[in-house]
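# Summary of structural features
The primary structure of each chain is shown beneath.
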Amino acid sequence: QQQVKQSPQSLIVQKGGISIINCAYENTAFDYFPWYQQFPGKGPALLIAIRPDVSEKKEGRFTISFNKSAKQFSLHIMDSQPGDSATYFCAASTETGTASKLTFGTGTRLQVTL
Amino acid sequence: DAGITQSPRHKVTETGTPVTLRCHQTENHRYMYWYRQDPGHGLRLIHYSYGVKDTDKGEVSDGYSVSRSKTEDFLLTLESATSSQTSVYFCAISPQGALGGYTFGSGTRLTVV
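All figures in this text were calculated on a predicted structure; none of them were measured in a lab.

Moving on, we come to the packing of aromatic side chains. The full count for this structure, using the stated rule, is 26 aromatic pairs over all chains. Judged by centre distance (6.5 Å) and plane angle (40°), the rings of phenylalanine 66 of chain A and phenylalanine 73 of chain A are tilted. In terms of burial, phenylalanine 66 of chain A and phenylalanine 73 of chain A fall into one category: buried. Judged by centre distance (5.3 Å) and plane angle (85°), the rings of phenylalanine 104 of chain A and tyrosine 35 of chain B are edge-to-face.

So this is what it looks like as structure tokens:
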């Protein structure tokens, strides 16, 4: 059972365009939603994260939009650049303390073309 | 990646043989995790640790065991490797669990033939 559903599986965007990746979840106890970025041959790295008490968080060209009632959140990459070409993972977490761990989506491979 | 090292980086092994992957950290972080990455499945949690000798299962733990006898080392063992365990394995560390942000290693590509 996929607890965090991510779409699309792959995405091609022209340089300067907006990249949008969507995630949906079922577990209403999730209370932390990060995005990770992974370049080929490397491990994922934390990009940006949001808590459900806010509807949007922006860091530079990257924005998370969060819709608690729909149980959905999305990553927007403004002015997409070729250097943004990577695989992006959404994730969610509910537990704190010793059981704290992330559940990841299936990933989106983004290609930004010139 | 700084502060976390996985070994080996690549390994080819035969079906039925035991395999141990090592994750070593120099950050003194409490939490350590083992994930596997497969196309179409993303990152799936195998086992994790929240302290020395304190471990718990993830969603895909069957066929795997772990040990953490020191803060800095987290070992993942495939007791009897199968072809379905061919994957890229990532170790991650965190000072505060999920909320602390994970730092991932560079991964181990394991092929079981």
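After that view of the structure, there is still more to cover.
All names here are of chain A. Taken as a whole and judged by the stated rule, the model has two disulfides over all chains. A disulfide bridge connects cysteine 23 with cysteine 90, and the sulfur atoms are separated by 1.9 Å. The disulfide joining cysteine 23 to cysteine 90 has a torsion of about -95° about its S-S bond and is therefore left-handed. Taken together, the residues span a long stretch of sequence, with cysteine 23 in strand S3 (residues 19-25) and cysteine 90 in strand S9 (residues 86-92) at a distance of 67 residues.

On to the environment of glycine 41 of chain A. The residue glycine 41 of chain A is located in the loop between strand S4 (33-38) and strand S5 (45-50) in this model. Spatially, the C-alpha atoms of glycine 41 of chain A and serine 93 of chain A are 26 Å apart, while their sequence positions differ by 52 residues. Residues within four places of glycine 41 of chain A in sequence aside, it is in contact with Arg9 and Ser106 of chain B.

Right, let's get into the interface of chain B and chain A. Accessible area lost upon the coming together of the parts serves often as the stated size of an interface. Across the contact, 24 residues belong to chain B and 21 residues belong to chain A. Considering only the side of chain B, the residues that lose the most area to chain A are Leu43, Ala98 and Leu99 of chain B, jointly responsible for 29% of the buried surface there. The tally of links from chain B across to chain A stands at zero salt bridges. Scanning the region where chain B abuts chain A turns up six residue pairs in polar contact (both at pLDDT 80 or more). At five residues, the largest contribution of residues to the side of chain B that touches chain A is made by strand S5 (residues 42-51) of chain B. Split into classes, the residues belonging to the side of chain B that touches chain A amount to 12 nonpolar, nine polar and three charged.

Another point: the sheet that holds strand S7 (residues 64-70) of chain B. Residue and element names in this part refer to chain B. Pairing is antiparallel across the open sheet formed by four strands, whose spatial order is S1-S3-S8-S7. Looking at strand neighbours, the two that pair on one side only are strand S1 (4-7) and S7, the edges of this open sheet. Across the sheet, the mean angle from the axis of one strand to that of its neighbour is 15°, orientation sign disregarded. Examined bridge by bridge, strand S3 (residues 19-25) and strand S8 (residues 73-78) share six bridges and lie antiparallel to one another.

The rules behind the values
Residues numbered from 1 in each chain as written. Chains lettered and ligands numbered in written order. Predicted model: local features only at pLDDT ≥ 70, side-chain atom pairs only at ≥ 80, totals over all residues. Heavy atoms only, no water. Phe/Tyr/Trp six-rings, centres within 6.5 Å; stacked < 30°, edge-to-face > 60°. Buried < 20%, exposed > 50% of the residue type's maximum accessible area, 1.4 Å probe, protein only. Disulfide = S-S within 2.5 Å. Helix = DSSP H or I, 4+ residues; strand = E, 2+ residues; numbered from the N terminus. Contact = heavy atoms within 4.5 Å. Buried area = accessible area lost by both parts, 1.4 Å probe. Salt bridge = Lys/Arg side-chain N within 4 Å of Asp/Glu carboxyl O. Polar contact = N/O pair within 3.5 Å; in protein donor to acceptor, adjacent residues only side chain to side chain. Nonpolar A, V, L, I, M, F, W, Y, C, P; charged D, E, K, R; others polar. Pairing = 2+ DSSP bridges. Axes fitted to C-alpha atoms, helices over the stretch in contact; angles between N-to-C directions.

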